[in-house]
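Structural overview
What follows is each chain in one-letter form.
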Amino acid sequence: MLSMSKLLTISLCLTSSLLAASIDDKVIKFEKKVFSQDKRITLQDVKIDFKKELPLKGWTGFVVKVTAEVNGKILSAKDTVFSNGTYVTKELIDMKTGQNLKDMMVPKLTAKYHNKAKLIAGNHDAKNKVVVFSDPLCPFCIDYVPDVIKHVKRNPKDVALYYYHFPLLRIHPAADTLTKLMDVAKHKGMKDVELKTYQTDWDKHFTAKTTDMKKIVDAFNKELKTKITLAEVKNAKILEEINKDVLMGEDVMVQGTPSVFVNGIKDNTRLKYETLGKN
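Residues numbered from 1 in each chain as written. Predicted model: local features only at pLDDT ≥ 70, side-chain atom pairs only at ≥ 80, totals over all residues. Heavy atoms only, no water.

What to know about the layout of surface pockets
A volume near 630 Å³ is recorded for the largest pocket. Lys-78, Glu-250, Met-253, Val-254 and Gln-255 are, among the 26 residues lining the largest pocket, the residues nearest its centre. Those elements giving two or more residues to the lining of the largest pocket turn out to be strand E3 (73-83), helix H7 (236-251) and strand E8 (259-262). Per-element tally for the lining of the largest pocket: the top contributor is E3, with five residues. (1 Å grid on protein atoms, 1.4 Å probe; cavity = no way out; pocket = protein on both sides within 12 Å on 5 of 7 lines; lining within 4 Å. Points joined across faces, edges and corners; volume = space filled by probe spheres on them. Helix = DSSP H or I, 4+ residues; strand = E, 2+ residues; numbered from the N terminus.)

Remarks on the packing of helix H3 (residues 175-187) against H7
At a closest axis distance of 10 Å, the pairing of H3 and H7 adopts a crossing angle of 110°. Taken together, H3 and H7 sit at an angle that is classed as roughly perpendicular. By crossing handedness, the relation of H3 to H7 is classed as right-handed. Contacts from Thr-179, Lys-180, Asp-183, Val-184 and His-187 in H3 reach Ile-238, Leu-239, Glu-241 and Ile-242 in H7. Taken together, the residues of the contact of H3 with H7 sort by class into four nonpolar, two polar and three charged. (Axes fitted to C-alpha atoms, helices over the stretch in contact; angles between N-to-C directions. Parallel < 35°, antiparallel > 145°, perpendicular 65-115°, else oblique. Left-handed = near helix turned anticlockwise from the far one by under 90°. Contact = heavy atoms within 4.5 Å. Nonpolar A, V, L, I, M, F, W, Y, C, P; charged D, E, K, R; others polar.)

Put into structure tokens, the structure is as follows:
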């Protein structure tokens, strides 16, 4: 026979679970209402992709995945909202620190992000794993990524560095061709493709806004001493690989570059890698 204390514990757990489910349902209902107001959208599915308790009593953050038909195409997007079951908001900012609590709404990376095929420096078996999503024409990335690579190369036993393409095509159209060139060169066996690409001054040949693929291919071949053809860059398999990188980034709420994860946790300072290894 259960004691009174055990019955109370079970009752509290059930109540807590029911309240959580109730908030989840309210958030989904809210999101459906918001998106259904746009007549161009036909909702297919709305579900909670990820949720996290906040350092704000009674409040939870939700990442909601919305799948809809838009102009005849099935598209998916993620929306971040915060709720306490009574109120809902898309923004929560700590008045003392200025931190946007959206920064906390990033899931921890799973082991699939530590893919040996994506290793560009260090030891795959190292205890510390650094994952970088980057655009080779992002000004901050150009300065940042080489520093990370060099640090890991100095500490190969302690750190593994994994690189994923995340070209920001709206502001750097040329990154589309450049990332594909990087992939082709890597498949051809070129070492240190990422470091060489980031350390090259592409402004001598084209701007980030350039859409002339041949111009970018010619520049890459000249600077990196390769003989890559336009046909190789246009290969559907290369595009598929780049798109897979981007989707993996979007799955963990990557929106800008460089986005850095250290041992599975997003590092908004982008400086934790400096503490890894013996330097």
